[in-house]
Every structure is written in C-alpha cells, then in structure tokens.
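Topology and contacts: notes
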Amino acid sequence: MTQHARNTEPETALGAPAGIDARGRDVTRGRGGRLELLGLTLAAGAGVLFVVRPEFYEAVVHIFATRAASLVH
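Throughout what follows, the structure given in this document is the object of discussion. Here the structure is a predicted model, which is why all the values come from computation and not from measurement.

Parameters and conventions
- The numbers attached to residues start from 1 for each chain and follow its sequence in the written order.
- For a predicted model such as this one, the threshold for reporting local features is a pLDDT of at least 70, and the threshold for listing and counting side-chain atom pairs is 80 or more; totals across whole chains, interfaces and linings nevertheless cover every residue.
- Heavy atoms throughout the structure, all of them, feed into the side-chain values; hydrogens and water do not.
- Two aromatic rings from Phe, Tyr or Trp, using only the six-membered ring of Trp, form a pair when their centres are within 6.5 Å; if the ring planes differ by under 30 degrees the pair is stacked, by over 60 it is edge-to-face, and anything between is tilted.
- Buried means the residue's accessible area, taken with a 1.4 Å probe over protein chains only, is under 20% of the maximum for its type, while exposed means over 50%, and partly exposed covers the values in between.
- Axes here refer to lines fitted to C-alpha atoms; in helices the fit is confined to the stretch in contact. Angles between the N-to-C directions go from 0 to 180 degrees.
- Helix and strand definitions follow DSSP, with helices as H or I runs of at least four residues and strands as E runs of at least two, each counted in order from the N terminus.
- For classification purposes, an angle smaller than 35 degrees is called roughly parallel, one larger than 145 roughly antiparallel, one from 65 to 115 roughly perpendicular, and anything else oblique.
- Should any heavy atoms of two residues lie within 4.5 Å, those residues are considered in contact.
- Each residue receives one of three labels: charged for Asp, Glu, Lys and Arg, nonpolar for Ala, Val, Leu, Ile, Met, Phe, Trp, Tyr, Cys and Pro, and polar for the others, Gly being one of them.

1. Overview of the packing of aromatic side chains
One pass over the full model with this rule turns up two aromatic pairs. When the centroid spacing of 5.3 Å and the interplanar angle of 70 degrees are considered together, the rings of Phe50 and Tyr57 count as edge-to-face. Tyr57 gets classed as partly exposed once you look at its relative accessible area, which sits at 27%. Ring centres of Phe56 and Tyr57 lie 5.8 Å apart, and the angle between their planes is 80 degrees; on these two criteria the pair is classed as edge-to-face. Among the residues examined, Phe56 registers a relative accessible area of 40% and is labelled partly exposed.

As structure tokens, this is what we get:
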C-alpha cells in the first residue's frame, strides 16, 4: 500500500534534498489505504471481466459511442 511521510518536527520542511537522509520523519499507514484497496479491487475485477466476458466491453463501447453521437446531432 502507499505510505505517506509525516513530519515529526513542525519547524522543518517536508521535502528533503536528494541523497540526504530525512531525519525526524515517520511513515504513516492507513491514510487512503481503503480507497487504494477499492481501486485495486475494481481494476482487478475489470481485468477479470475483460478476460471472461469480452463482449461486455464491446457493449460498453457501443453505448458510449451511441451517446456521444447523440450529443453531436
């Protein structure tokens, strides 16, 4: 999962120059972890659906194309 760094000392900047160890920073977990898991689950489900039922994607493309064409006319 994605890890976010938070600053433990309020006077210091969050960004550290390249090649320098960022002291006083902790890695926090749980921020947005559920949303990331939901996104990965949806992406995996879409991939499985594409393999199992490829005609579903053809229907979705047809619906989008039909609606886009109706907006033009």
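There is more to say after this.
2. Brief notes about the packing of helix α1 (residues 33-52) against helix α2 (residues 54-72)
Where α1 contacts α2, the axes come no closer than 5 Å and their chain directions differ by 105 degrees. Classified by the angle between their axes, α1 and α2 sit roughly perpendicular to one another. Taking contact as the criterion, the partners of Ala46, Leu49, Phe50, Val51 and Val52 in α1 are, on α2, Pro54, Phe56 and Tyr57. Taken together, the residues of the contact of α1 with α2 sort by class into eight nonpolar, no polar and no charged.

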